2 protein chains.
Amino acid sequence: MEKLKKYASLKDEDQFYHEGAVELLVFNFLLILTILTIWLFKNHRFRFLHETGGAMVYGLVMGLIIRYATKTSDVESGTVYECEKLKSGPSSLLINITNQVYEYQYKREISHHNVNAHQGNAMLQKMTFDPSIFFNILLPPIIFHAGYSLKKRHFFRNLGSILTYAFLGTAISCIVIGLIMYGFVKAMVHIGQLKGWEFHFTDCLFFGSLMSATDPVTVLAIFHELHVDTDLYTLLFGESVLNDAVAIVLTYSISIYSPKENPNAFDAAAFFQSVGNFLGIFAGSFAMGSSYAVVTALISFMAFFQHLTKFTKLCDFPMLETGLFFLLSWSAFLSAEAAGLTGIVAVLFCGVTQAHYTYNNLSSDSKMRTKQLFEFMNFLAENVIFCYMGLALFTFQNHIFNPLFIVGAFVAVFVARACNIYPLSFLLNFGRKQKIPMNFQHMMMFSGLRGAIAFALAIRDTQSQPKQMMFTTALLIVFFTVWVFGGGTTPMLTWLQIRVGVDPDEDMKAEAASQSASNLDKNTTKAESAWLFRVWYAFDHRYLKPILTHAGPPLTTTLPGWCNPVARLLTSPSAYGDQLKNEDTDCIINSDELTENYEASAHMPVPAQDRTGCSQAAGKEDIREGDLGLGAYELQLEHTPGRPQLNSVA
Amino acid sequence: MEKLKKYASLKDEDQFYHEGAVELLVFNFLLILTILTIWLFKNHRFRFLHETGGAMVYGLVMGLIIRYATKTSDVESGTVYECEKLKSGPSSLLINITNQVYEYQYKREISHHNVNAHQGNAMLQKMTFDPSIFFNILLPPIIFHAGYSLKKRHFFRNLGSILTYAFLGTAISCIVIGLIMYGFVKAMVHIGQLKGWEFHFTDCLFFGSLMSATDPVTVLAIFHELHVDTDLYTLLFGESVLNDAVAIVLTYSISIYSPKENPNAFDAAAFFQSVGNFLGIFAGSFAMGSSYAVVTALISFMAFFQHLTKFTKLCDFPMLETGLFFLLSWSAFLSAEAAGLTGIVAVLFCGVTQAHYTYNNLSSDSKMRTKQLFEFMNFLAENVIFCYMGLALFTFQNHIFNPLFIVGAFVAVFVARACNIYPLSFLLNFGRKQKIPMNFQHMMMFSGLRGAIAFALAIRDTQSQPKQMMFTTALLIVFFTVWVFGGGTTPMLTWLQIRVGVDPDEDMKAEAASQSASNLDKNTTKAESAWLFRVWYAFDHRYLKPILTHAGPPLTTTLPGWCNPVARLLTSPSAYGDQLKNEDTDCIINSDELTENYEASAHMPVPAQDRTGCSQAAGKEDIREGDLGLGAYELQLEHTPGRPQLNSVA
C-alpha cells in the first residue's frame, strides 16, 4: 500500500513535467503558426495586419480554446483555508497533511471577489506565467537589440528632439493621462462603482506612466520594410526606445512615492523625493549599463593584454567571445535589477555602448554571431510577448472590466499623445534647422502604439483590484492600437504623402555631397548637435576610442607629453601599424573592402578597426559605426599627424 | 495605514524580482569566470583540469560561499503548520491570513528529518532551481547538438558495435550496479542504518539505470581537441550519446515498474510490461523525433510548393527559417514529453534526422545560423549544468550522506563499466573486421564519466529519503569521475599509446585510396554495416532524399513508370537542373567548392544540394552530409542515367 502511494506520487510528479511541456508546446505552436503567417504575409505583401497583430490574434484564439475547451481538473483549489497562527504571508510554507510535510511557495495575493474564479482550471493557471519572466527573460533581448542596432549617425543628429520627446513628452503624457483618469475615477466613485477601493491620484499617475510607454516594434518594422524617410524613422525609433526607459523608471518612481500623511494631499517632500528617485535610478542604470559594456570592450580589446602577457587574442575563440559578450550584457541587466535600479534602462545603454566600442574589437565571426544571436532572440521574444498578450485576455483570471474606466483610458491616451507631439514639435521647430513638417507630426501622433512595455509594466503588479482593472484596460488599449493603428500604418503613410523607399546611406551621401558643395558644412551639424556632444565626441575620439578599441589615433599623439609612458602602454599596437606586418593577407582583403566602404559613404573616414587582423569589415553594416554622426568633423581629425596610413605596410 | 501596508507589500514584491535577478547573476558570474578560465586554459594548453571540471570547482566554491556567508533571512519557514481539513497536497492552496487571501503553490514533499534544514536561508532555497528546468531547458540543446553534429559516416561504419554497447552494455551496467547495490543495501539494513526506509531491489535497479548514463561532454571535448583516432572517437561518442537515451528510458521504465503484490518478489507480468514500456517509449520517441524533423524538411524543401503555388522560398528569409527550425526541433522534445514519451530521445533522433535531410535544404546563411545557435546553446547549457552540479553539493538542502552506500556505489560503477566494455568488446571482435584493440578497450573503460544526464535523472526525483541518498551519491560520483578521469584523459592517452592528431578526412581519404587500390572495396563496408542498413540506404537515397531534399536522383527515374505523374509533382525542379539556368554565378562558386570537396574526400560523390541556388556549400563541414557512410556504394548509384551533370547548364 505504501508502495502504491509512492507510485501515485511519482505519477503526479511526472504529470507536472508533462504539463510544463504542454504549456511550452502551446507557445511553440503559436510561434510556428506566427512564423508561417509572416512568411505568407511576406509573399503576398499583405500589410493591413502586421505580424505582431497576427501573433496576438493567434494568442487570442488559443486563449479562447484553453479557457472554454479544457476541463476543470482541480476541484480542491477553490477552497480557502484559515490559518490563525500566521500573521503575514511567508515566502514558503511547510504544511503537515496526513503526517507528511509538504512545502508550498508563495505566489500572490488574491482579492476576495476573485477567489471563485480560481475554482478549477489548472491549465489556465499554468498558462499565466510569472511576470518576472517578462522582466528577466523576454524584455532584455528586445531592448538590448534596439540599443545595439541604433543607427548612431542619424540618432545623434536628432538627439535634441528625441530627448525632448522622450523626457518632457513622457512626463506630459503621464500627467495628462493621470489627470483625465482622476476625473473619470471621481465620476466612478460618484456613481458608486468603486465601493471600498482605494484609488488615489498617485494610482492615476501610475496608470498614466505605464500607458506612456509607446511600442517601437510594430510601426518600426513596417517603416523599416518600406524604407520610410530616415528622419521620421529616427525620430520615432529614438523616441519610443528612450521613452520606454523613461516610462519604466517613472512607473517605478511613482509606485514608491509615499506621502507621509494624507495620500490625497500633495506632499512636496515626497514629490521631490520621487523626482530624485527618478533621476537617481535613471542615472544609476545608465552608469551600470555603460560600465558593463566598457568592461566587455576592455576584455575583448586584447591588444592591451597582448603586449603585457603572452595571451592569444580572445577573438581567436569566437564562441568564448560571443559567450562573454552575451553574459556580460545580460549581467548589466541583472546587476541593475539586483541593485534596485532599472535593468531595462541599463541594458539599453549597455547595447548602445557595446555597439560603439566592443563591436569594433570583435572578430568578424563574432560580429556576425552576436548580431544574429540578438536578432534571433529579439525575434522570438517579441513574438512570445505578442502571443502572450493575446492569450492573457482569456487566461488571466483576475480581469476587471469597467466600461467607464476603459472609455476614460482611451480618451486619455489619445489626448495625452496629442499634448505630447504637437506642442513639443511646435517648440522644437523654433530650434531646428530642418523643421518637423506637419505630416511627420500627424504620423508620430498616429504611431503611438502601446505594446510590450506597457503590458509588462501592467502585469508586473496585479495584486490589488485597481491594478487588476488597470491591467485589463491596458490590455484592451494594446489590442486596439496594435490592430487598428498598426494595420493602418501603410495607408496612413500614403495619405500623409510621406516619402518611402529611401536608402539611408544614399540619403546621407546626397546630403554630404550638398554639404561639401556649399563648403559651409559644419554649421548644420553644429546647430543640431549640442555643444556638450561635440565636447564629448572629441573626448571619445581622442581618449576613449583608443583605449577601448583599435580605432582612433594612438594615445601618444593625443595625450600630453608627460603621459607618454602610460599612453604607450595603453595604446593598441595596431594603432601604430605594428600588427600589419605579419598580416599581409588580411590587409589585402581589407583594403578592398575599405575601398568599397569608402565608395558607399563618400565622406565617411576609413574605419580604423579594419586594420587589425581580427576584424574584417562586415560590409555596409559597419556604417553604424559611423562615430556620432559628425562625419565632417571627423574628416578633419583624420589628417592629424601620427595616424598610420594603410600604405605603411613594409 | 492601509496605504503603508500596500506599500510594504509592493516592496516585498520588488524584493522578489531582485532576488530572481541575484540568482541569475550568480550563474552569469560563474559562467563568465568559466569562460575566462577556458580562455586561460586554451592559452596555456592546460589539460589536467578540463573546463567542465573548472566549472564545477567554481560552482562548489560559490555554493560554499552562499551556504555559509549569507545570513538566514526567513525565520518563519522552519515552522510546520498543521492542516486537519486537507487529505492530500493540492497543487495550489488558498490561505486566509489576517483577512487577506494568499495563493501558495505546491513545491515538494519534505522528509521529517530534513524539516530543520529548512530553517532559514531563503537564498539557498532559491538557488536550488526546479529540476524540470534541466529537462525542459538545459538538456535538449545539449542532446540535440550531439545528434546534429554526429559524423554520420563514421557512426554508421561502427553502428553494430555502438548499438551493442548502448543497448546491451547499458542493460548489463544497470543490472550489475543494481545487484551490487542490493548487496550493500542488505548490509546496511543488517547494521540498522535504514530503519523505517523502504528500499527494494527495484530501487537499486533504478539507481543502476541512472548511473549507467555516461557523459559525452568532457572526454569528447578533449578527444576532439587532440584529434584522437577517429574510430575510438566515434565508438565513444556514439556509445555515450545513445547510452544516455537508453539510460533515460530505462530509468523511466523502472520507475513505473509496479508489481501487483510483494514488491520484493519477481513479478513476471510486471517485468514484461516494463520491457514493453521500454521498447514502446524508445520507439515512440524515435518516431516522434524523426517525424518532426521530416516535417521541418518538408517545409524547408520549398521546391515542392514552389511549382504548385507562387510562394517564394523560405530560404530567402533566414530568420524565419532558423526560427522554424529551432521551434520545430524543440517541439519534437516537448511533444514527446507531453505524450508521456522521452523528450531527450526524441530530440536526439530529431537532431540526426535534421542533419540528414533539413540541413541540405537550408540556405547557406541558415546553415551557419543554426549551427552557431545550437553550438552556442550547447556551450551555455553545458556550463550551466556543470556549475550547478558544483553548487548543488552545498545548496541542496536534503543531502543524505551514507558512507557505506557511497563506497558501494563507487565499487558498483567501476565493476559495471568493466562488465560492459570488456566482455562486449571480446564478443564484438569476433564479428568486426577491424578489431577493437585492448588499448581502445582500456580507454573506453577509463572514459566512463558520469555527468549531466546522471545528475539530471537523480535530481528529477528527490522526494523520498532513498532517492535523496541516491542523489547525494550520484553527485559525488560525478565529481570524482569528472575531476579524476576527465583530468587524467590526456596522460592516459599517452600511456595507452593511442594515436592523436588524426584528421578524420585524411583518414577517410587514405582508406578510400587503399580501397580503390585493392579494387575489392565493397567487402569491408558491407561486412561492417548490416544488410538492413544497406536496404535502408537504398530506400533513403532513391525515395526519401529526392522527396525531402534537393539531393538524390529525380523520382521519375527511381519510381516505376506508372507513378510518373506523382513523381514529377514531387520532384524538386533542381533535380532536373532546371534551376541552374538562372543561377550561373552560383554555379561557378559552387563548382570551385565542389572540386575542393571532391579532392578532400576522393570517393565522395558531388553533393547534389550544392546545385540549388539556396545552399552554397559551407566548405568541408558538408562532409558530414556524407550519406550513411556507404561511399563506395553511392559511387555506383552516381552513374545511374537521368541524373543531371553539372555540365548540363545551357
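What counts, and where the lines are drawn
- Residues numbered from 1 in each chain as written.
- Chains lettered and ligands numbered in written order.
- Predicted model: local features only at pLDDT ≥ 70, side-chain atom pairs only at ≥ 80, totals over all residues.
- Heavy atoms only, no water.
- UniProt positions renumbered as here; feature names shortened; annotations may be inferred.
- Helix = DSSP H or I, 4+ residues; strand = E, 2+ residues; numbered from the N terminus.
- Buried < 20%, exposed > 50% of the residue type's maximum accessible area, 1.4 Å probe, protein only.
- Contact = heavy atoms within 4.5 Å.
- Areas by Shrake-Rupley, 256 points an atom, 1.4 Å probe, with all protein chains shown as cover.
- Salt bridge = Lys/Arg side-chain N within 4 Å of Asp/Glu carboxyl O.
- Phe/Tyr/Trp six-rings, centres within 6.5 Å; stacked < 30°, edge-to-face > 60°.
- Lys NZ or Arg CZ within 6 Å of the ring centre and 35° of its normal.
- Patch = residues over 30% accessible without salt bridge, like charges linked within 9 Å, V, L, I, M, F, W, Y side chains within 5 Å.
- Expected span 1.5 Å × (residues − 1).
- Bend = angle between axes of the 7 residues up to and from the residue.
- Domains from an automatic or database assignment.
- Buried area = accessible area lost by both parts, 1.4 Å probe.
- Nonpolar A, V, L, I, M, F, W, Y, C, P; charged D, E, K, R; others polar.
- Axes fitted to C-alpha atoms, helices over the stretch in contact; angles between N-to-C directions.
- Left-handed = near helix turned anticlockwise from the far one by under 90°.
- pLDDT = per-residue confidence, 0-100.

Per an unreviewed UniProt entry, chain A goes by the name Sodium/hydrogen exchanger and belongs to Penelope pileata. Taken from UniProt, the Sequence similarities (unreviewed entry) comment for chain A reads in full: "Belongs to the monovalent cation:proton antiporter 1 (CPA1) transporter (TC 2.A.36) family."

### A word on the overall build of chain A
Secondary structure summary: chain A contains 25 helices and three strands in total. Within chain A, the proportion of its 650 residues that are buried is 61%. A separation threshold of at least 6 residues defines the contact pool for chain A, and within that pool the share at least 24 residues apart is 81%. Split by element, the accessible area of chain A, about 25200 Å² in all, is 65% carbon and sulfur.

### Considerations on the pattern of salt bridges
Counted under the stated rule, the structure contains ten salt bridges over all chains. When the shortest N-O distance is used, the salt bridge between Glu239 of chain A and Arg417 of chain A registers 3.1 Å. Placement of Glu239 of chain A in helix α9 (residues 230-255) and of Arg417 of chain A in helix α15 (residues 403-431) is noted, with a sequence separation of 178 residues between them. For the pair Glu239 of chain A and Arg417 of chain A, a shared accessibility class is recorded, and that class is buried. Arg369 of chain A is the partner of Glu375 of chain B in a salt bridge, and the nearest nitrogen-oxygen pair spans 3.6 Å. Note that Glu375 of chain B is positioned in helix α14 (residues 364-395) and Arg369 of chain A in helix α14 (residues 364-395), a pairing that runs across two chains.

### Digging into the environment of Leu279 of chain A
Residues and elements named next belong to chain A. Mapped onto the elements of the fold, Leu279 is located in helix α10 (residues 268-300). Classification of Leu279 as exposed rests on a relative accessible area of 52%. Residues Leu279 and Val249, 30 residues apart in the sequence, show an inter-C-alpha distance of 8.8 Å.

### Points about the packing of aromatic side chains
Scanning the model with the defined rule gives 62 aromatic pairs over all chains in all. Seen from their ring centres, Phe207 of chain A and Phe405 of chain A are 5.3 Å apart, and the 55° between their planes marks the pair as tilted. Here Phe405 of chain A lies in helix α15 and Phe207 of chain A lies in helix α7 (residues 201-211), a separation of 198 residues in the sequence. Phe405 of chain A carries the same exposure label as Phe207 of chain A, and that label is buried. Ring geometry for Phe376 of chain A and Phe326 of chain B: centres 5.5 Å apart, planes at 90°, overall edge-to-face. Highlighted residues: Phe376 of chain A in helix α14 and Phe326 of chain B in helix α12 (residues 318-338), drawn from two different chains. A single burial state applies to Phe376 of chain A and to Phe326 of chain B, both of which are buried. The ring of Phe206 of chain A carries Lys467 of chain A above its face, with NZ or CZ at 4.5 Å from the centroid. Positioned over the ring face of Tyr359 of chain B is Lys367 of chain B, at 5.2 Å from the centre of the ring.

### Here's the deal with helix α17 (residues 452-460) of chain B
Counting buried positions along α17 of chain B yields nine of nine residues, so the element is predominantly enclosed. Restricting attention to buried positions, one finds in α17 of chain B the residues Ala452, Ile453, Ala454, Phe455, Ala456, Leu457, Ala458, Ile459 and Arg460 of chain B.

### Points about a nonpolar patch on the surface
A cluster of nonpolar side chains, Phe271, Phe272, Val275 and Leu279 of chain A, forms an exposed patch at the surface whose accessible area comes to about 380 Å². Along the chain, the position of Phe271 of chain A falls in helix α10.

### Digging into helix α6 (residues 159-190) of chain A
Across its 32 residues, α6 of chain A extends 45 Å between first and last C-alpha, which sits within 8% of the 46 Å expected from 1.5 Å per residue. At Gly169 of chain A, α6 of chain A shows its maximal kink, close to 30°.

### Side note on the domain arrangement of chain A
Residue and element names in this part refer to chain A. Splitting chain A by domain gives domain 1 (1-46), domain 2 (131-502) and domain 3 (533-570). Listed by partner, the interface residues are seven residues for domain 1 and eight residues for domain 2. For the pair domain 1 and domain 2, the summed buried surface comes to about 640 Å²; carbon and sulfur atoms form 88% of the total. On the domain 1 side of the interface with domain 2, the three residues burying the most area are Phe27, Leu30 and Leu31, jointly 62% of the side's total. At the surface where domain 1 touches domain 2, the tally comes to zero salt bridges. By residue class, the composition of the side of domain 1 that touches domain 2 is five nonpolar, one polar and one charged.

### Brief notes about unusual backbone geometry
All names here are of chain A. In this structure, Gln497 is a non-glycine residue whose phi angle is positive, near 55°. Mapped onto the elements, Gln497 comes out in the loop between α18 (465-495) and α19 (504-518). Exposure remark for Gln497: the relative accessible area of 69% places this residue in the exposed category.

### As for the environment of Trp197 of chain A
All names here are of chain A. Inspection of the secondary structure assignment puts Trp197 in the loop between α6 and α7. Given the relative accessible area of 22%, Trp197 is considered partly exposed. Apart from residues no more than four positions distant in its own chain, Trp197 is found in contact with Ile400, Gln465, Pro466 and Met469.

### A look at the packing of helix α9 (residues 230-255) of chain B against helix α16 (residues 438-446) of chain B
Residues and elements named next belong to chain B. Packing of α9 against α16 leaves a shortest axis separation of 11 Å and a crossing angle of 35°. In the crossing of α9 with α16, the sense of the turn from one axis to the other is right-handed. Of the residues in α16, those touching α9 at Asp231, Leu232, Leu235, Leu236 and Glu239 are Phe440, Met443 and Met444. Looking at side-chain class alone, the contact of α9 with α16 contains six nonpolar, no polar and two charged residues.

### Observations concerning the confidence of the model for chain A
All names here are of chain A. Within chain A, residue pLDDT values average 72, and 63% of them lie at 70 or more. The low-confidence segment residues 1-16, where pLDDT is below 50, has 19 contacts with residues more than four positions distant or belonging to other chains. Contacts for the low-pLDDT stretch residues 518-528, under 50 throughout, to residues beyond four places or in other chains number 14 contacts. The ipTM value of the predicted complex is 0.76, and its pTM value is 0.77.

### Re the side chain of Asn383 of chain B
Residues and elements named next belong to chain B. Assignment of secondary structure puts Asn383 in helix α14. A relative accessible area of 4% means that Asn383 is categorised as buried. Beyond its immediate sequence surroundings of up to four residues, Asn383 is in contact with Leu31, Thr34, Ile38 and Ala55.

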